[in-house]
Every structure is written in structure tokens, then in C-alpha cells.
Amino acid sequence: MLENNQEITLQWFPGHMAKTRRLITANCKLVDIVVEVVDARIPRSSRNPELLHLIDGKPFLTLFNKSDMADGGVTDRWISHYKKQGITALKIDCKSGNGVGAILPAIRTKLKDKMERMAAKGAKGMPIRVMVVGIPNVGKSSVINRLSGGKRAKVEDRPGVTRGKQWITLPGGIELLDTPGVLWPKFEDQNVGKKLAFTGAIRDQIMDVEWLAMKLLEFLAENYPQAVQSRYKVDVTAYEDSFTALEAIGRARGMLVPGGQVDTLRAATMLLDEFRGGKLGRLSLERPEDFNEPV
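Here the structure is a predicted model, which means the values were calculated and not measured.

What follows covers the packing of aromatic side chains. Evaluation of the coordinates by the stated rule reveals 4 aromatic pairs. Measuring from ring centre to ring centre gives 6.4 Å for W78 and Y82, while their planes differ by 75°; the resulting arrangement is edge-to-face. Of this pair, W78 and Y82 both sit in helix α3 (residues 72-84), 4 residues apart, which is roughly one turn of that helix. The two residues W78 and Y82 agree in class, both being buried. Ring centres 6.1 Å apart and planes at 40° place the aromatic pair W78 and F291 in the tilted group.

Laid out in C-alpha cells, this is it:
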């Protein structure tokens, strides 16, 4: 097994995130349901542990976005895990559109009793208001754009793009509130921070990219060595440490500097970009059976 003993404490909580926490709390009273978007590759780590407190008992629906990039069997086990705890979760992929058509019917099902009570009181036809929440870079705005049939919300493949709340009106009497991505002030488990960094939820600009790529290689060597072999023609399990494995990948891709040494920063950046883009195949970084606690 590859091993690199160096550890770095990860944390990223810029000022606008504190503002977003207040925005979510303040606007909860305006909505009927909260839709939480998570990254299907890291369903536990991409859930904000403060969410249930912030939404104060509101009904909620969880969307496993980027499911086409995750291990399908693992995602199915996560969905089942959620269901056993009474949580409705759907697997979707906003790039392909897979599963998106099930979102609005699921929202209506969750709110069926409330809508019937409102209709009985003469409030029939009132819009269903939905708040969309999630950590940075899980695809909240992409979900909204898919549902609205056009690019109504700004989308970029990097964290921290949506900075203010945005209301988007959909056909059929549904209004969506898009909120900026928000993390939480402290990662109690640094493995959570690493997985968030692997998937791009934490800005690379504050990271040691080579260290991060080495940590990703350690995970891949233990869980998906065939993905590295297929992509780079490198047996990642054959190396004593992750830095040497990273050098081998860089060498295989011809990333050399004068003197024949490997440009490991370039190799690290490429590895992370290709993992995030799904070019290493369908990979999941965590499984429900790895955790004893409930969702």
C-alpha cells in the first residue's frame, strides 16, 4: 500500500459562507421544502452536518448529483441506507440529465399532505417554494438550470460562484431559491476535508496540490488500482510511496523538465483534474458500510 506520512490540516470557511448560513436560516420560513444536493462520490462528506439545524424541521429531499461519475453499486447502497432512515434520496446527473425528471414529482409527493390541507382552507394554487442548498461545487445551480430548462443560474466548475440568493420560477407553480455553497467552520474529521478537496469543493489555490494528489493516489491504490492502470498504464500498487507513483504517472505522460526530472506539480494537477472530470472511470470515495453512525 502506498503511504505518505505527511498530513496537512484542511479548512476553508471564507466570510461569505457565514453570511450564507444566516441566509438559509432566515429564508427557511419562506419555503415549503429544502432540496439538498450532494456529490454522489462522497455522499456523507458532502453533506453539511449543520443542515438539519439550519433548516429547523423543514421537509427535505436529497439529490445525489454527479451519479454518472460514481460507482453505481455503491450509490445504490447509499440510496438504500438513506431510505432505511426515512430519507428520500434520488440519484441524478445534471450533465446528462439522468434522473432529473424525478425531482419535481418527488417534491410534490413529499408535500402532498400539506398541499391538500392548504387547498381545503381555500389556498389552492399557491406556489410551492423550494430552497436548494449544498456545499460548493456539488452542482446546485446546474440542478436549477436543468429544472428551469435554461441557464437561469450562473454555473462554473469551481467553488464559490453563487454569492447571493436567487429566485427562479418554474412552470407548474414551483419557485426555487438558489443559495451559495456553504461549508462548515471546522472539519472534525480531516478525512472529510481531504475528500472535499479531491472533488474540488475546496479551492486548489489554498491547497498543496502535490500532497493532495498523493493522498488521492493512496486511496486509488487501495480501492481502484485498475483505474490508474487503465488511464496511465502505471501499476500504482508497485511503488513504495505515493510520491514515486506520482512521478511514474508524470513520466508516463511525458511531463519532464530539463534534466529529465518529472514536473510533479503538473502531474498532480492533471491527476486531480482528470479524477474530477470522470476520466478515471466511475469511482466512489466512501461507502455506507464504512460508517456506523446514521446519515
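There's plenty left to go through after this.
The buried fraction of strand β1 (residues 33-39) is high, at 7 of 7 residues. Where β1 lies against strand β4 (residues 128-133), 4 bridges are found, and the strand directions are parallel. Bridged to V34 within β4 is M131. Summarising the sheet, β1 and strand β2 (residues 60-65) pair through 6 bridges and their orientation is parallel. Note that in β2 the partner of V38 across the bridge is F64.

Now for the pattern of salt bridges. Side chains that differ in charge, positive against negative, can pair when their charged atoms come close. For the coordinates displayed, the defined rule picks out 11 salt bridges. K215 is the salt-bridge partner of E218, the closest N and O atoms lying 3.6 Å from each other. You can see E218 and its partner K215 sitting in helix α8 (residues 209-223), 3 residues apart, about one turn around the helix. Residue classification places E218 among the buried residues on the basis of a relative accessible area of 11%. Put simply, R231, R253 and E274 are held in one network by salt bridges that share partners.

By size, the foremost hydrophobic cluster in this structure holds 63 residues, and its most contacted members are L63, I103 and I107. Top element by residues in this core is α8. It accounts for 10 residues. Membership of the second largest hydrophobic core comes to 22 residues, among which are A70, V74, V133 and F291.

What follows deals with the sheet that holds β1. Across the sheet, 6 strands lie side by side as β3-β2-β1-β4-β6-β5; this open sheet has mixed pairing. Edge positions in the open sheet fall to β3 (89-91) and β5 (166-170), since each of these has one partner strand only. For this sheet the average axis-to-axis angle between neighbouring strands, irrespective of direction, equals 25°.

With 5 of 6 residues buried, β4 is to be regarded as a mostly interior element. Pairing of β4 with strand β6 (residues 174-178), which is carried by 5 bridges, proceeds in the parallel orientation. Following the sheet pairing, I128 is matched in β6 by I174.

So, on to empty space enclosed by the protein. The method is simple in principle: a probe with the dimensions of a water molecule rolls over the atoms, and the space it marks as empty is what remains. Applying the stated criterion across every chain, the model contains 2 cavities of 30 Å³ or more. Here the largest cavity is characterised by a volume of approximately 60 Å³. N48, L51, V133, G134 and I135 are, among the 11 residues lining the largest cavity, the residues nearest its centre. Its residues assigned to classes, the lining of the largest cavity shows 6 nonpolar, 3 polar and 2 charged. For the second largest cavity, the calculated volume is near 40 Å³. Lining the second largest cavity are V35, L63, I103, I107, V130, V132, V143, L147 and L176. Among the elements of the structure, α4 (103-110), β4 and α6 (140-148) are those that each provide at least two residues to the lining of the second largest cavity. Residue classes in the lining of the second largest cavity are distributed as 9 nonpolar, no polar and no charged.

Procedures and definitions
Residues numbered from 1 in each chain as written. Predicted model: local features only at pLDDT ≥ 70, side-chain atom pairs only at ≥ 80, totals over all residues. Heavy atoms only, no water. Phe/Tyr/Trp six-rings, centres within 6.5 Å; stacked < 30°, edge-to-face > 60°. Helix = DSSP H or I, 4+ residues; strand = E, 2+ residues; numbered from the N terminus. Buried < 20%, exposed > 50% of the residue type's maximum accessible area, 1.4 Å probe, protein only. Pairing = 2+ DSSP bridges. Salt bridge = Lys/Arg side-chain N within 4 Å of Asp/Glu carboxyl O. Core = buried A, V, L, I, M, F, W, Y, C linked by side-chain atoms within 4.5 Å. Axes fitted to C-alpha atoms, helices over the stretch in contact; angles between N-to-C directions. 1 Å grid on protein atoms, 1.4 Å probe; cavity = no way out; pocket = protein on both sides within 12 Å on 5 of 7 lines; lining within 4 Å. Points joined across faces, edges and corners; volume = space filled by probe spheres on them. Nonpolar A, V, L, I, M, F, W, Y, C, P; charged D, E, K, R; others polar.

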